[in-house]
Protein chains: 2
Amino acid sequence: MTARSHIMPKQTYFNLTPDKRETFLVAAINEFADHDYPTASISRVCKTAGIAKGSFYQYFEDKKDLLLYLIQLGLEEKKALVASIELPDPNGGFFESLRSTFTLQVGHSLQHPRLAEVAHRAFYGALPFKDEMIEGLKQAGVEAYRGMIQKGMADGSLRPDIDIDAATFVISTVFTELSRYLEKQLGLDNKAMFTRELTDEQWAEASRHFDGILRLLESGLIN
Amino acid sequence: MTARSHIMPKQTYFNLTPDKRETFLVAAINEFADHDYPTASISRVCKTAGIAKGSFYQYFEDKKDLLLYLIQLGLEEKKALVASIELPDPNGGFFESLRSTFTLQVGHSLQHPRLAEVAHRAFYGALPFKDEMIEGLKQAGVEAYRGMIQKGMADGSLRPDIDIDAATFVISTVFTELSRYLEKQLGLDNKAMFTRELTDEQWAEASRHFDGILRLLESGLIN
DNA sequence: CTAAATTGTGACCGGGCGGTCATATGACCG
DNA sequence: CGGTCATATGACCGCCCGGTCACAATTTAG
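Predicted, not measured: the structure shown is a model, and the values here were computed from it.

The rules behind these values
- Residues numbered from 1 in each chain as written.
- Chains lettered and ligands numbered in written order.
- Predicted model: local features only at pLDDT ≥ 70, side-chain atom pairs only at ≥ 80, totals over all residues.
- Heavy atoms only, no water.
- Near = heavy atom within 4 Å.
- Polar contact = N/O pair within 3.5 Å; in protein donor to acceptor, adjacent residues only side chain to side chain.
- Helix = DSSP H or I, 4+ residues; strand = E, 2+ residues; numbered from the N terminus.
- Nonpolar A, V, L, I, M, F, W, Y, C, P; charged D, E, K, R; others polar.
- Salt bridge = Lys/Arg side-chain N within 4 Å of Asp/Glu carboxyl O.
- Buried < 20%, exposed > 50% of the residue type's maximum accessible area, 1.4 Å probe, protein only.
- Contact = heavy atoms within 4.5 Å.

In this section: the protein's contact with DNA strand D. Taken together, the neighbourhood of DNA strand D is formed by 18 residues, with Asn15, Gly54, Ser55 and Gln58 of chain A together with Lys53 of chain B sitting nearest. For DNA strand D, the fraction of protein-proximal atoms (within 4 Å) that sit in sugar or phosphate groups is 55%. Contacts to DNA strand D include serine 55 of chain A, whose side-chain N or O atom sits 3.4 Å from a phosphate oxygen. Contact between DNA strand D and alanine 40 of chain B: a phosphate oxygen at 2.9 Å from a main-chain N or O atom of the residue. Put simply, the parts of the chain that give the surface near DNA strand D at least two residues each are helix H1 (11-15) and helix H4 (53-59) of chain A together with helix H3 (42-49) and helix H4 (53-59) of chain B. For the surface near DNA strand D, the per-class residue count stands at 6 nonpolar, 8 polar and 4 charged.

So, in structure tokens, the structure goes:
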């Protein structure tokens, strides 16, 4: 009995030797990071991973299931990151929360750039199917920002007359693209590495750039 | 002798009767608005427009040339809009300039939603070729915002210690998605109409929503 | 009315795709 | 050794694509 959150590879996939599985995974993630869903090619993944096309269909039901599995993988990585970090006081006000979000969201994107790219494409690119999980995550993301803002207005860390829709739009839009901005500023190359560890110095620089943005969001372009 | 800015349909295309050309154009624009380049299908355009596939290749060199032509069309629409609007004093400070940009950029997107969508995909989606015009426009867009900010810092309409990169990022990101936000707030449907005229009331509502965003950018979330 | 030039057409080509399946390979077990 | 079962394989299917081309239809010119 395998408890599953709906989408899983077949048992055969889990019987793979770890290094074969790793090879396959890297090929798959890179494919779905480099191409959006319709353009990503199972044939290419197989060629890259060095397996026969028939083998793929012993591991996964179809193309869609592979993508959903990759997204779940990303979620688990993110959960692991959440668990590994001590979050600051959740009642420290809006900008404290926003900084936590930055640490998690962007930290994840910077450490697992390819996996993050897969998720980004699945969220904002074209999918020829509707999936509950993806729709739910999209919704939840935006609602999280909205909730943070409302809470901030309630606890006084934000002014009370904010246009909530506008603020939610600005914050979520900026945060969606934030990791790309930071990668550009740090001179990091998405495709160069599969997982990467930031040096303390790099992380400090990322924080500096984030501070610049935060400053704008806090006090605006004038004051 | 036909002067051309590099990409043009063949003469045969211009010899088409206006209504045939119109039918074809609508089909083509909708196709490239609904699908990004690799997924957009010439065959489908032909079927929709009711012409033979061979005919298409009497009008255009290939798929790429069609897209580039559509983008040029969008540019001309935009130029027409610029010409039709009296711009406020360009020395009225940063936020005056930003408001002009809003009027033009978003006005165009709201009036020609499908054509704007084509351009958006070409700019931010995946293209299997590099094109100078597109690259140039992308670059120019971001640089325009950067220039506005620098000017604003110089003339005192912005505080002088702004993180320029951060501000450019925030402004250009927000403006890129702005028309989608407004369409959602106004309850407009992209695909419903090919060109649309906003009522005065709708335009006023769009302005109100834009003001909400502008307020955030001006004074931030706190003050 | 005819001849020349322009335009319309859809069968066809090569290629890539997602997905299938009969068969081959090899591990495990008595 | 033999038999059973899980896995690996790549030829194959049907589909759709961008693009071509020989030919048919139509317009234009003389």
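Time to look at the pattern of salt bridges. Going through the model one piece at a time under the given rule, you end up with 24 salt bridges over all chains. Across the salt bridge formed by arginine 114 of chain B and aspartate 34 of chain B, the nearest N and O atoms sit 2.4 Å from each other. Taken as a pair, arginine 114 of chain B in helix H7 (residues 113-124) and aspartate 34 of chain B in helix H2 (residues 18-34) lie far apart in primary sequence, 80 residues in all. Arginine 114 of chain B sits in the buried class, given a relative accessible area of 3%. On the basis of relative accessibility, which here comes to 31%, the residue aspartate 34 of chain B falls in the partly exposed class. Here the salt bridges do not stand alone but share partners, grouping Asp34, Arg114 and Lys191 of chain A into one network.

A separate point is the environment of glutamine 111 of chain B. Residue and element names in this part refer to chain B. Mapped onto the fold, glutamine 111 is located in helix H6 (residues 94-111). Spatially, the C-alpha atoms of glutamine 111 and methionine 153 are 32 Å apart, while their sequence positions differ by 42 residues. Not counting chain neighbours up to four residues away, the residues in contact with glutamine 111 comprise Leu81, Phe194, Thr195, Arg196 and Glu197.

Moving on, we get to the protein's contact with DNA strand C. Around DNA strand C sit 18 residues in total, of which Ser41 and Lys53 of chain A together with Asn15, Gly54 and Gln58 of chain B are the nearest. By atom count, sugar and phosphate contribute 56% of the portion of DNA strand C lying within 4 Å of the protein. At a separation of 3.0 Å, a phosphate oxygen of DNA strand C approaches a polar backbone atom of alanine 40 of chain A. One nitrogen or oxygen atom from the main chain of lysine 63 of chain A is found 3.0 Å from a phosphate oxygen belonging to DNA strand C.

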